[in-house]
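Structural characterization, general
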Amino acid sequence: MKKRVFSGIKPSGDLHLGNYIGALSQWVAHQHEYDNIFCIVDLHAITVPQNPHRLQEQTKSIAAWYIAAGINPDESIMFVQSDNPDHTYLGWILNCFTGIGQLGRMTQYKDKKEKTEFVSVGLFDYPALMAADILLYDTQFVPVGEDQKQHIELTRDVAERINGQYGHIFTIPEYMPPIAGERIMSLQQPDKKMSKSESDPNGTINLSDTPDQIREKLRIAVTDSGNEIIIDKKNKPAITNLITIYQALSGKTPQQLDAEYSGKGYKIFKQDLGEVIIQHLSPIQTRYSEIIHSKAIEKTLTNGANKAKEISTTKIQQVRNVIGISQ
Ligand code: AMP
Ligand code: TRP
């Protein structure tokens, strides 16, 4: 039997190269090896304020990017989180087994609460819902970027706590790191991760960017002192980030890039990287524009939610039984 993979992305903004390299491209690369469930986690998006119309549009848009990037809905289950209420149901139960202290130590929460005027309980409690997403489906592997590793640790802790008290209920999931690009950094601030909420749009390459926008963002991307194309995270964070992106999209090794660009300087490297990104994204963008207005996406998501629910119902019943909330 194939092992189960579960992952998700929040529909809280446009997808960018960090999402693609750290998550989506990995899902596609491993699609045939695993039994996959890919979610659009809208209930996680509303932990910070969202415009309702925009949220709906973005949810559909993310589904279209999943398919455009190569997720095959006949092979992998694809659905919207809020379409399966089992997530919120288990989320509540897991709340009762999650420590306030541990939630308070989550770096994503600590970062986000600084940037948000109104800090909701949902923002704080976000990892318990994420744990529910993962544990509902006996997930073995969670392919996500490095920023989510801490949430997977918390998921494991909560699952172990419940298994310890009630016997084996939950499969303990593992973090599945990307092959290259666990953490893609901003092109403007290489000490900060590329993110949907970055204030400077030039720091982020969106999957929907035009070739000219990509060329311009690379032209003005910050670089380090010197001009060698070498990986050195500590002293050359900007060029290291660009090399990581190049590597992840081209499949070339750092040695190959070193041989190719030795003595050529940053300008040529950045120009070439721009073309690598444009070439990689072009077929995905074409496919996206072909499907974004199609009604088939709604149908795919409804089917996906039904399939997801078939699996999660059994787990919910099992949990209800062991904790004593079913008659
Ligand atoms: P989010 O945009 O927070 O919903 O993230 C969706 C997925 O993309 C998660 O698996 C993240 O770990 C991954 N991700 C987001 N930003 C980056 C980044 N800068 N580098 C690598 N992975 C990322
Ligand atoms: N928290 C993840 C992020 O910000 C999104 C997410 C929610 C997720 N539930 C999940 C990822 C379950 C993997 C598995 O990127």
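Residues numbered from 1 in each chain as written. Chains lettered and ligands numbered in written order. Predicted model: local features only at pLDDT ≥ 70, side-chain atom pairs only at ≥ 80, totals over all residues. Heavy atoms only, no water.

**Comments concerning the site of ligand 2**
Rules: For each residue, the test is whether any non-hydrogen atom lies within 4 Å of the molecule or strand; if one does, the residue is near. Contacts described as polar in this section are N or O atom pairs within 3.5 Å, which, within protein, must combine one atom able to donate a hydrogen with one able to accept it, while residues neighboring in sequence count only if both atoms come from side chains. Throughout, the Shrake-Rupley method with a 1.4 Å probe supplies accessible areas, and for residues the shown protein chains are the sole cover considered. Cavity and pocket criteria rest on a 1 Å grid covering protein atoms alone: a 1.4 Å probe that fits but cannot get out defines a cavity, protein on both sides within 12 Å along at least 5 of 7 lines defines an open pocket, and an atom within 4 Å of a point defines a lining residue. Pocket occupancy is defined atom-wise: a molecule lies in a cavity or pocket when more than half of its atoms are within 2 Å of its grid points. Put simply, DSSP H or I for four residues or longer makes a helix, DSSP E for two residues or longer makes a strand, and each gets a number counted from the N terminus. Three residue categories are used. Nonpolar comprises Ala, Val, Leu, Ile, Met, Phe, Trp, Tyr, Cys and Pro, charged comprises Asp, Glu, Lys and Arg, and polar comprises the others, including Gly.
Neighbouring ligand 2 are 14 residues, the closest being K10, Y126, M130, D133 and Q148. Within the contact set of ligand 2, a nitrogen atom lies 2.7 Å away from a side-chain nitrogen or oxygen of Y126. One of the side-chain nitrogen or oxygen atoms of Q148 is found 2.9 Å away from a nitrogen atom of ligand 2. Relative to its unbound accessible surface of 360 Å², ligand 2 loses 93% to contact with the protein. Of all the cavities here, the one that holds ligand 2 is the largest pocket. Of all the secondary structure elements, the ones that give two or more residues to the shell around ligand 2 are β1 (4–9) and α7 (121–135). Broken down by element, the shell around ligand 2 gets its largest block of residues, four residues, from α7. Here the residues of the shell around ligand 2 are counted per class, giving seven nonpolar, five polar and two charged.

**Focus on empty space enclosed by the protein**
We count it as follows: Grid points are joined across faces, edges and corners, and a volume is the space filled by probe spheres set on the points.
With the rule as written, the count across this model stands at two cavities of 30 Å³ or more. For the largest cavity, the full set of lining residues is T47, M106, Q108, Y109, K112, L123, Y126, P127 and H151. Broken down by class, the residue content of the lining of the largest cavity amounts to five nonpolar, three polar and one charged. Space inside the second largest cavity adds up to approximately 30 Å³. Around the second largest cavity sit S186, L187, P190, A221, V222, A238, N241 and L242, which together line it. Taken together, the residues that form the lining of the second largest cavity break down as six nonpolar, two polar and no charged.

**Observations concerning the site of ligand 1**
What surrounds ligand 1 is a group of 18 residues, the closest being G145, D147, I184, M194 and K196. The side chain of K10 places a nitrogen or oxygen atom 2.9 Å from an oxygen atom of ligand 1. More than half of the atoms belonging to ligand 1 lie within 2 Å of the grid points that define the largest pocket. At four residues, helix α1 (residues 17–29) tops the list of elements feeding residues into the shell around ligand 1. Of the residues in the shell around ligand 1, the class split is five nonpolar, seven polar and six charged.

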